Amino acid sequence: MNKIVSLDFAMDHVKDGMTLMIGGFLGVGTPEIFIDELIKREIKDLTIIANDTSFVDKGLGRLIESKQVKKVIASHIGTNPETGRQMNEKEMEVELVPQGTLAERVRSGGTGLGGVLTPTGLGTMVEEGKQKIEVDGVTYLLETALRADVALLLGHKVDKKGNTIYDKSARNFNPLMAMAADTVIMLAENLVEVGDIDAEHIITPGILVDYIVKGE
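Described in the following lines is the structure provided in the data block.

The rules we used
Residues numbered from 1 in each chain as written. Predicted model: local features only at pLDDT ≥ 70, side-chain atom pairs only at ≥ 80, totals over all residues. Heavy atoms only, no water. Salt bridge = Lys/Arg side-chain N within 4 Å of Asp/Glu carboxyl O. Helix = DSSP H or I, 4+ residues; strand = E, 2+ residues; numbered from the N terminus. Buried < 20%, exposed > 50% of the residue type's maximum accessible area, 1.4 Å probe, protein only. Contact = heavy atoms within 4.5 Å. Core = buried A, V, L, I, M, F, W, Y, C linked by side-chain atoms within 4.5 Å. Pairing = 2+ DSSP bridges. Axes fitted to C-alpha atoms, helices over the stretch in contact; angles between N-to-C directions. 1 Å grid on protein atoms, 1.4 Å probe; cavity = no way out; pocket = protein on both sides within 12 Å on 5 of 7 lines; lining within 4 Å. Points joined across faces, edges and corners; volume = space filled by probe spheres on them. Phe/Tyr/Trp six-rings, centres within 6.5 Å; stacked < 30°, edge-to-face > 60°.

For the coordinates displayed, the defined rule picks out 19 salt bridges. The residue glutamate 95 makes a salt bridge to lysine 71 at a minimum N-O spacing of 3.5 Å. Taken together, the residues glutamate 95 in strand S4 (residues 93-96) and lysine 71 in strand S3 (residues 69-74) connect sequence positions 24 residues apart. For arginine 85, the salt bridge goes to glutamate 91, with nearest N and O atoms at 3.0 Å. Given the relative accessible area of 32%, arginine 85 is considered partly exposed. Through salt bridges with shared partners, a single network forms among Lys71, Glu93, Glu95, Arg105, Lys130 and Glu143.

Here it is as structure tokens:
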């Protein structure tokens, strides 16, 4: 199967109302070209799962600014005042999740688990509406798994089968999200031949990647 596709073909897999996972940490490791295309196509009513909402003019913050998002599931929104404004005005729903819990919920979604037990959030507003489970006398919150229809990711070096390595801290949530979506679309900063990446260095195996778009 040839996984290398055009940007248009790849983005045809994203529809109104879908749940998307988008890699990145304050825009680092975010596939900006995909964000450009989502804005151009005016795809709306999206649920976005991401570490944060970046900045108003960067990363997925631009989707917030263009009001294409109906819900965000993220660990923080403090660097994007527009996210807070839309949340307070009830224009968009925001589910804040502790960062480690967010990572584990995505990991659970990618490994077929129903969720994770964690003490993080007990006694705070985080526990509202959630099931508590006691194990060996210790109380935990059940945090359910997260999955998405499509994951939009950024790889630093990607071979033609989709085997991927990331650039230092741009790795962040990308590897976890590659496991937790029905369709995984990888933007390749550098597209190389199969065998050009040392097998010991591969972070995301190609079997997880459905489509590759060659970036700049």
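Here the narrative resumes.
Within the secondary structure, serine 108 is located in helix H5 (residues 99-111). Among residues more than four places away in sequence, those in contact with serine 108 are Leu113, Gly115, Val116 and Ala145.

Turning our attention to the nonpolar core. Looking at soluble globular proteins, one finds that nonpolar side chains tend to be buried together. Core analysis: the largest hydrophobic core is formed by 30 residues, its most contacted members being Leu20, Ile48, Leu152 and Ile185. Setting aside residues up to four positions removed in sequence, leucine 152 forms contacts with Met11, Leu20, Met21, Ile22, Gly23, Pro31, Phe34, Leu38 and Ile185. Counting residues in each nonpolar core, the second largest holds 24 residues, with Ile49, Leu146, Tyr166 and Met186 among its members.

The 3 strands lie next to each other as S5-S7-S6, forming an open sheet whose pairing is antiparallel. Strand pairing shows two members of the sheet lacking a second neighbour, strand S5 (115-118) and strand S6 (132-135), which therefore form its edges. Taken over all neighbouring pairs, the strand axes of this sheet differ in orientation by 35 degrees on average, direction set aside. Summarising the sheet, S6 and strand S7 (residues 138-144) pair through 4 bridges and their orientation is antiparallel. Looking at the pairing, isoleucine 133 lines up with tyrosine 140 of S7. Strand contacts of H5: S5 and S7, with the helix running at about 150 degrees to S5, the strand carrying the most contacts.

Roughly 220 Å³ of internal volume is contained in the largest pocket. Here the lining of the largest pocket gets 3 residues from one element, more than from any other, and that element is S4.

Summed over all chains, the structure comprises 1 aromatic pair. Relative to tyrosine 211, the ring of phenylalanine 9 has its centre 5.5 Å away and its plane inclined at 75 degrees; by these criteria the two rings are edge-to-face. Of the two residues, phenylalanine 9 sits in helix H1 (residues 7-11) while tyrosine 211 sits in strand S11 (residues 211-214), which places them 202 residues apart along the sequence. Taking the relative accessible area as the measure of exposure, phenylalanine 9 reaches 39% and is therefore partly exposed.

Attention now goes to the environment of valine 150. With respect to the element layout, valine 150 can be found in strand S8 (residues 148-159). Since its relative accessible area comes to 1%, valine 150 is described here as buried. Separated by 128 residues in the primary sequence, valine 150 and isoleucine 22 place their C-alpha atoms 8.6 Å from one another. Those residues in contact with valine 150 that lie beyond four places of it in its chain are His13, Val14, Met18, Thr19, Leu20, Met21, Ala181, Thr183 and Ile185.

So, about unusual backbone geometry. Phi is positive for aspartate 45, which is not a glycine, with a value near 55 degrees. The phi dihedral of lysine 67 is positive, around 60 degrees, even though this residue is not glycine. By the secondary structure assignment, lysine 67 is in the loop between helix H3 (61-65) and S3.

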